[in-house]
Amino acid sequence: MIGDRDVVVVAGVRTPFCRAWTDLATLHPVELGRLVVQEAVARADVDPAAVDEVVLGNIAAPADASNIARVVALHAKLPRSVPAYTVNRNCASGIEAVVDAAYRIRAGDADLVVAAAVESMSRIPLLFPDEARERWTAAGRARSPLSRAAALAGLRPRHFKPEAALRQGLTDPVSGLNMGETAEILAREFAISREEQDRFALESHERAALAWSEGRMAAEVMAVPIPPDYRAVAERDNGIREGQTLEALARLAPVFDRRYGTVTAGNSSQITDGAAALVLASGVRARELGAAPLGIVRAWGFAGCDPARMGLGPVLATPVALRRAGAALADVELVELNEAFAAQVLACFSAFASRRFCEEHLGRGPVGELDPQRVNVNGGAIALGHPVGATGARLVLTLLGEMERAGAGLGLATLCVGGGQGAAVVVERA
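This one's a predicted model, so the numbers in the text were calculated from it and none came from an experiment. (Residues numbered from 1 in each chain as written. Predicted model: local features only at pLDDT ≥ 70, side-chain atom pairs only at ≥ 80, totals over all residues. Heavy atoms only, no water.)

> Break down the environment of valine 332 for me, with residues and values.
Residue placement: valine 332 occurs in the loop between α11 (313-325) and β12 (334-337). Valine 332 sits in the buried class, given a relative accessible area of 10%. For valine 332, the residues in contact, after removing those within four places along its chain, are Leu322, Leu410, Gly411 and Leu412. (Helix = DSSP H or I, 4+ residues; strand = E, 2+ residues; numbered from the N terminus. Buried < 20%, exposed > 50% of the residue type's maximum accessible area, 1.4 Å probe, protein only. Contact = heavy atoms within 4.5 Å.)

> Tell me about the packing of aromatic side chains, residues and numbers included.
As enumerated under the stated definition, the model contains three aromatic pairs in all. Consider the rings of phenylalanine 256 and phenylalanine 341, whose centres lie 6.2 Å apart with planes at 85°: the pair is edge-to-face. Taken together, the residues span a long stretch of sequence, with phenylalanine 256 in the loop between α9 (246-250) and β10 (272-282) and phenylalanine 341 in the loop between β12 and α12 (342-353) at a distance of 85 residues. Classification of phenylalanine 256 as partly exposed rests on a relative accessible area of 28%. When the ring centre of phenylalanine 17 is taken as origin, the NZ or CZ atom of arginine 14, which lies over that ring, is 4.9 Å away. (Phe/Tyr/Trp six-rings, centres within 6.5 Å; stacked < 30°, edge-to-face > 60°. Lys NZ or Arg CZ within 6 Å of the ring centre and 35° of its normal.)

> Help me get a handle on the pattern of salt bridges, residues and values and all.
Scanning the entire structure with this criterion turns up 24 salt bridges. Measuring nitrogen to oxygen at the nearest pair gives 2.8 Å for the salt bridge that ties glutamate 31 to arginine 34. Residue glutamate 31 and its partner arginine 34 are both found in helix α1 (residues 29-44); the two are separated by three residues, about one turn of the helix. In this structure glutamate 31 comes out as partly exposed when scored by relative accessible area, which is 26%. As a salt-bridge pair, glutamate 195 and arginine 199 come within 3.0 Å of each other at their nearest N and O atoms. Of this pair, glutamate 195 and arginine 199 both sit in helix α8 (residues 194-213), four residues apart, roughly one helical turn. Judged by relative accessible area, glutamate 195 falls into the partly exposed class, the value being 45%. A relative accessible area of 46% places arginine 199 in the partly exposed class. (Salt bridge = Lys/Arg side-chain N within 4 Å of Asp/Glu carboxyl O.)

> Account for unusual backbone geometry, naming residues and giving values.
That bond from proline 227 to proline 228 is cis: its omega, 15°, falls within 30 degrees of zero. Although it is not a glycine, asparagine 90 sits at a positive phi angle of roughly 50°. Assignment of secondary structure puts asparagine 90 in the loop between β4 (84-87) and α3 (93-107).

> Talk me through the packing of α8 against α12; I want residue IDs and the actual numbers.
For any two helices packed against each other, the geometry comes down to the angle between their axes and how far apart the axes lie. Contact geometry of α8 with α12 gives a least axis separation of 9 Å together with a crossing angle of 100°. Between α8 and α12, the angle is such that the two are roughly perpendicular. Here Glu196, Gln197 and Phe200 of α8 lie close against α12, whose contacting residues are Ala342, Ala343, Val345 and Leu346. When the residues that make up the contact of α8 with α12 are grouped by side-chain class, the tally is five nonpolar, one polar and one charged. (Axes fitted to C-alpha atoms, helices over the stretch in contact; angles between N-to-C directions. Parallel < 35°, antiparallel > 145°, perpendicular 65-115°, else oblique. Nonpolar A, V, L, I, M, F, W, Y, C, P; charged D, E, K, R; others polar.)

> Describe in detail the nonpolar core, supporting the description with residues and values.
Counting 45 residues, the largest nonpolar core has Leu278, Leu280 and Val297 as its most contacted members. Residue contacts for leucine 278: discarding those within four places in its chain leaves Val9, Ala11, Gly12, Val98, Val113, Val114, Ala115, Ala393, Val396, Leu397 and Leu400. Of all hydrophobic cores here, the second largest spans 41 residues; its members include Val37, Val54, Ala76 and Ala84. (Core = buried A, V, L, I, M, F, W, Y, C linked by side-chain atoms within 4.5 Å.)

> Kindly report on the pairing of strand β14 (residues 421-428), identifying the contributing residues and their values.
With six of eight residues buried, β14 is to be regarded as a mostly interior element. Bridge count for strand β11 (residues 295-304) against β14 is eight bridges, and the pairing is antiparallel. Residue pairing in the sheet places isoleucine 296 in a bridge with glutamate 428 of β14. Between the end of strand β13 (residues 410-417) and the start of β14, which pair antiparallel, lie three residues, with glycine 419 showing a positive phi angle near 100°. (Pairing = 2+ DSSP bridges.)

> Before we move on, could you go through the layout of surface pockets and cite the residues and values that matter?
Any empty space left between atoms is shown by rolling a water-sized probe over those atoms. By volume, the largest pocket amounts to about 870 Å³. Taken together, 37 residues line the largest pocket, and the ones lying closest to its centre are Met121, Leu166, Leu170, Met179 and Ile271. When contributions to the lining of the largest pocket are tallied by element, the ones reaching two or more residues are α6 (165-169) and α7 (179-189). In terms of residue class, the lining of the largest pocket is made up of 20 nonpolar, 14 polar and three charged. (1 Å grid on protein atoms, 1.4 Å probe; cavity = no way out; pocket = protein on both sides within 12 Å on 5 of 7 lines; lining within 4 Å. Points joined across faces, edges and corners; volume = space filled by probe spheres on them.)

See below:
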């Protein structure tokens, strides 16, 4: 029985997840967001004027749409009276959008909320050095052509060498490590071999390819016409390597520790563009709509951890969500655990079951064993990609679809978060 203030997911959709600088690179993140919000509202079969609020997760906010949620909502033809705001919890921004929507519904402040998430990693800008900015600023403020020329005369070749903001964004400012280096730490601490990581990566591609070939992903993905002429259409995730082999993965050089490392481009998540949106309703509104719910958002949890070991976040956040749901890990039938890196996921598998780790970090016995056959059954971010701010919403959407197909009663979506956090959401099939 669905209660009046239960949080019900009534519809959801995502774009294909496409490797950065490929199929979706020409689409502004506002357009990616517009597409999924408009389509999700249409699939929910609700009047746009009935939407109480839009919450959108995003990390690399475009300069021309600082509150991208509001711009997306207006472009999606929602009435101007519908408020919208943007959330950023790094990799968990998509889950944060879902959780914020759920908070509002449970509190009685809303009955129908769109939770969306978008990231265009292709469009994360290049940054020029501060010294160059100072020169250009001086030129712009100059009061005469002579002073403007003097300011510009100070420009040197080094001032025209930009740095990728993407590289900065994937580096933790506290530990000083980029995300791949944190995965190397976990690989060493949990004694995870290069071969184990490559085998995990291979299975991710194989599962994703099979899911698409069997039609299991089509229902959650919308086709996206590609500008400028809109003749080409992105219809499926394009990072899946159907012919991937263990031998090919083994030939790839380590990226983050070239001498002793084991983390490669092949056993890491892909840099990706994409968006997702879910329509959440209170139980009472879902009944009024006559909606066939995809599922119920039962509980959620967040936790902090060492930024240098950010990949272990799911192990710390999951017990919080499970406790609030009144469940144990053994009750969970399907899991979506974001594949930031193969080493990171495998470390989580070990830590979930480790008495020593759980006693030290959680003050309790082991959380439980994760069955690999129930985790990421349709592949994960190593094959599908990781548009950072959007992934959390994709995890919830994919999980609900697979729970319906498998007849599973309880599911868990969880991911690690750059900066040293974990996020987890427990969902139930309605």
